[in-house]
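Breakdown of the fold
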Amino acid sequence: MRDVAIIGVGMIPFGRRDEDTLMDLLAWASLKALDDAGLGDKSVDAVYVANMGGGMIQRQTAIASSLVDRLSLLPAAAETIENGPASGASALKNGLLAVASGYYDTVLVVGGEKMREVTGWRATDFVATMTHPQAEYPYGITLPGMAGMFTRLYMEKYGVTREMLLAISLKNQEMGTLNPYAHVEMALDRAGIFDSRDAIVNNPTSADPLHLYDLCPVSDGAAAVVICPLDMAKKLTSKPPVLIAGFGQATDTHTLQEREDPTDLKAVTLAAQQAFERAKMKPSDIHVAELHDAFTILEIAESEHIGFFPKGQGGKAAVEGKTRLGGQLPINLSGGLKARGHPVGATGVAQVVDIVWQLRHELPKTRQVKNAQNGLTINFGGFGNNVLCFILRRVQD
Amino acid sequence: MKKIAITAYKCKQCGKLHYPFHDRCLQCKGREFDKVEPQGNVKLLTFTRIYNLPWGFDQRYLIIGVGEFENGVRAMGQIGVDEATPLQVGMTMIPSWEPVRVQNGENVFGLKLTPIT
Ligand SMILES: [Zn+2]
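Our subject in this report is the structure included herewith. (Residues numbered from 1 in each chain as written. Chains lettered and ligands numbered in written order. Predicted model: local features only at pLDDT ≥ 70, side-chain atom pairs only at ≥ 80, totals over all residues. Heavy atoms only, no water.)

1. Considering the overall build of chain A
From N to C terminus, chain A includes 15 helices and eleven strands. For 397 residues, the compact-globule estimate of 2.2 N^0.38 gives 21 Å, and the C-alpha radius of gyration of chain A, at 19 Å, lies within 12% of that figure. Across its three principal directions, the C-alpha atoms of chain A cover 60 × 45 × 40 Å. Within the span of chain A, comprising 397 residues, buried residues form 67% of the whole. A fraction of 76% describes how many contacts in chain A between residues 6 or more apart in sequence connect residues 24 or more apart. Of the side-chain charges in chain A, 37 are positive and 44 negative, and the distance between the mean point of each set is 4 Å. (Helix = DSSP H or I, 4+ residues; strand = E, 2+ residues; numbered from the N terminus. Rg over C-alpha atoms; globule rule 2.2 N^0.38 Å. Buried < 20%, exposed > 50% of the residue type's maximum accessible area, 1.4 Å probe, protein only. Contact = heavy atoms within 4.5 Å. Lys, Arg positive; Asp, Glu negative; His and termini not counted. Charge placed at Lys NZ, Arg CZ, Asp CG, Glu CD.)

In structure tokens, the structure reads:
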């Protein structure tokens, strides 16, 4: 197996992009990554496209074939990867394996989604189609609903409070104001959404105990990376290559009810363990992380399941500022899904792009972890039934 | 009428109870199961009141929970109370099969849970 490095990254601003098609989003993010890698007019060997909703929302399938045509990357190998909200990390995993094995040298991985084309009502239904088709979906369960039921159990078992969830919303939306790619660029006012009379109106219950500002927005967006063997990286780019040092993936039962302990996100624990093992690292070696905070509770629960904090301590750590810039382990300095947004197919790739910027030390001081060397991502599919973890390492000059 | 049958499957080899159906036992990979119908009342394990509903639901909110029948079968269901009715994890609910959704112009019957008063 060969070591694989990320040599180019690109993202387009997330949000509501009415004027652009899904293919525009994918193409523009791809070109940014190809240019960032310094490939010029050179082609790539293969393209992996992460997308969950093209077939349902845009009524467009075989998106990867269409993309290589638009980008003049023919005759590169191409395929679309659909793995729910974990599609992005899944596409990168497939690229990683292809390069590591020696089958391909240069691979473009791009993830994108255009969800605002339909009403919120339709988008909620689209996302809910990943629930169990007989045992869950017909009841009208939504992903925020799954998160609500999970949060109730997590609060009961570990003493997580609304105050702790609030710490995540405030931090991530504050970081979003500093991120030009973020969908939500509005800082939250604690009183306005929590401890004033207006809070009931400003921050209504969405799926109790979760409120509106515990949820990520529905977004359009795309992000891309270019990977190649590490020993080729230095010939292709002058930027510091970032090594994919570790990768892990695990699955869990489709329904929450069949998990022995529904508060135990086993797939997160296993994916992270595999990644740490392959990277020969431990949680304390990580300097910055992008976690899948589709709901505030998930940032807390994932930070514990990865091993950054003991079980039951993640919420406290967030309240104490340990996950802010300058803290013990800064999490979601991009604003996370909460503020960067969550175009489902794009998210797993966008998380990796943000970590690459951190490890190249390219971000403004307000978001840059000083001298960051190692970063981690968690891309969480379904309600924790398919989870991928990447550990990235800056390659020393 | 379309009905969501909550039939559980008990592995003939190790006894593990499954709902929904799996082709192989999650514990021992056994492929043979005895069908088990849910029995008795339901203990509420968790629940949520959802206010942002998916397409196909023409109402303001929906209360959904996961419960465990007296014979151990666990399933999701809709909870038939108004939003102000206090609910608690652990409370006992009475199961019934009622319309839970309209799909293709047809009522789909599924598990409804009502607290014992
Ligand atoms: Zn068995």
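Once the structure has been displayed, the description carries forward.
2. Remarks on the coordination of the zinc ion
Residues and elements named next belong to chain B. Listed as protein donors to the zinc ion are C11 (SG), C14 (SG), C25 (SG) and C28 (SG); their distances from the metal cover 2.3 to 2.4 Å. Every donor counted, the four donor atoms about the zinc ion form angles of 99 to 115° at the centre, which fits tetrahedral coordination. Spacing between the donor residues of the zinc ion along their common chain follows C-x2-C-x10-C-x2-C. Separated by 14 residues along the polypeptide, C11 in strand β2 (residues 8–11) and C25 in the loop between β3 (17–18) and β4 (33–36) bring together distant segments of the chain. With relative accessibility at 3%, the residue C11 sits in the buried group. On the basis of relative accessibility, which here comes to 3%, the residue C25 falls in the buried class. (Donors = N, O, S within 2.8 Å, 3.2 Å for Na, K, Ca; no water. Tetrahedral: all angles 85-135°; square planar, octahedral: opposite > 155°, others 65-115°.)

3. Focus on the sheet that holds strand β8 (residues 242–251) of chain A
All names here are of chain A. If you walk across this open sheet you meet the nine strands as β3-β2-β4-β7-β1-β8-β11-β10-β9, and the pairing is mixed. Both edges of this open sheet fall to β3 (77–81) and β9 (288–290), since each of them pairs with a single strand only. For this sheet the average axis-to-axis angle between neighbouring strands, irrespective of direction, equals 25°. Here two bridges tie strand β1 (residues 4–11) to β8, and the two strands are oriented antiparallel to one another. Of the residues in β8, the one forming a bridge with I6 is V242. The strands that helix α1 (residues 22–36) touches are β1, β2 (46–50), β4 (107–114) and β7 (220–229); relative to β4, the one it contacts most, it runs at about 150°. (Pairing = 2+ DSSP bridges. Axes fitted to C-alpha atoms, helices over the stretch in contact; angles between N-to-C directions.)

4. Overview of the pairing of β2 of chain A
Working note: regular strand, side chains alternate between the two faces of the sheet. Residues and elements named next belong to chain A. Counting buried residues along β2, five of its five residues qualify, which places the element largely inside the surrounding structure. Alternating positions in β2 separate into two faces, A46, Y48 and A50 on one and V47 and V49 on the other, with burial throughout. Pairing geometry for β2 and β3, over five bridges, is parallel. In the sheet register, V47 faces β3, and the bridge partner there is A78. Where β2 meets β4, five bridges bridge the pair, whose relative direction is parallel. Across the sheet, V49 pairs through a bridge with V110, a residue of β4.

5. Brief notes about the pairing of β8 of chain A
Residues and elements named next belong to chain A. The buried fraction of β8 amounts to nine of the ten residues, a majority that puts the element mostly inside the structure. By the bridge criterion, nine bridges tie β8 to strand β11 (residues 386–394) in an arrangement that is antiparallel. Within β11, the position partnered with G248 by the bridge is C389.

6. Here we look at the packing of helix α7 (residues 162–176) of chain A against helix α12 (residues 296–306) of chain A
Residue and element names in this part refer to chain A. Following both chains from N to C, one finds α7 and α12 inclined at 105°, their axes separated by 8 Å at the closest point. Comparing their axes, α12 and α7 come out roughly perpendicular. On α12, the residues that touch M164, L165, I168, S169, K171 and N172 of α7 are T296, I297, E299 and I300. In terms of residue class, the contact of α7 with α12 is made up of five nonpolar, three polar and two charged. (Parallel < 35°, antiparallel > 145°, perpendicular 65-115°, else oblique. Nonpolar A, V, L, I, M, F, W, Y, C, P; charged D, E, K, R; others polar.)

7. Things to note about α1 of chain A
Along an α-helix, residues three or four positions apart point the same way, because every turn accommodates 3.6 residues. Residues and elements named next belong to chain A. Over its 15 residues, α1 extends 21 Å from the first C-alpha to the last, a length consistent with the 21 Å expected when each residue adds 1.5 Å. The buried fraction of α1 amounts to eleven of the 15 residues, a majority that puts the element mostly inside the structure. Buried residues of α1: L22, M23, D24, L25, L26, A27, A29, S30, A33, L34 and D36, and no others. With its phi angle positive at about 70°, G38 sits one or two positions after the end of α1. (Expected span 1.5 Å × (residues − 1).)

8. A few points about the sheet that holds β4 of chain B
In any sheet, the strands associate via hydrogen bonds between backbone groups, in a parallel or an antiparallel arrangement. The strand order across the open sheet formed by three strands is β3-β2-β4 (chain B), and the pairing between neighbours is antiparallel. Two strands close off the open sheet at either side, each with one partner strand: β3 and β4 of chain B.

9. Looking at the interface of chain A and chain B
Listed as interface residues are 31 residues of chain A and, on the opposing side, 36 residues of chain B. Interface of chain A and chain B: buried area, both sides summed, is about 2900 Å²; carbon and sulfur atoms make up 57% of it. In this structure, the connection of chain A to chain B is made through two salt bridges. The closest approach of N and O atoms between D208 of chain A and R49 of chain B, which form a salt bridge, is 2.6 Å. Inspection of the region where chain A meets chain B yields 15 residue pairs in polar contact (both at pLDDT 80 or more). Put simply, the parts of the chain that give the side of chain A that touches chain B at least two residues each are α5 (120–128), α6 (143–158) and β5 (205–207) of chain A. When residues of the side of chain A that touches chain B are assigned to their parent elements, the largest contribution, seven residues, is made by α6 of chain A. Of the residues in the side of chain A that touches chain B, the class split is ten nonpolar, twelve polar and nine charged. (Buried area = accessible area lost by both parts, 1.4 Å probe. Salt bridge = Lys/Arg side-chain N within 4 Å of Asp/Glu carboxyl O. Polar contact = N/O pair within 3.5 Å; in protein donor to acceptor, adjacent residues only side chain to side chain.)

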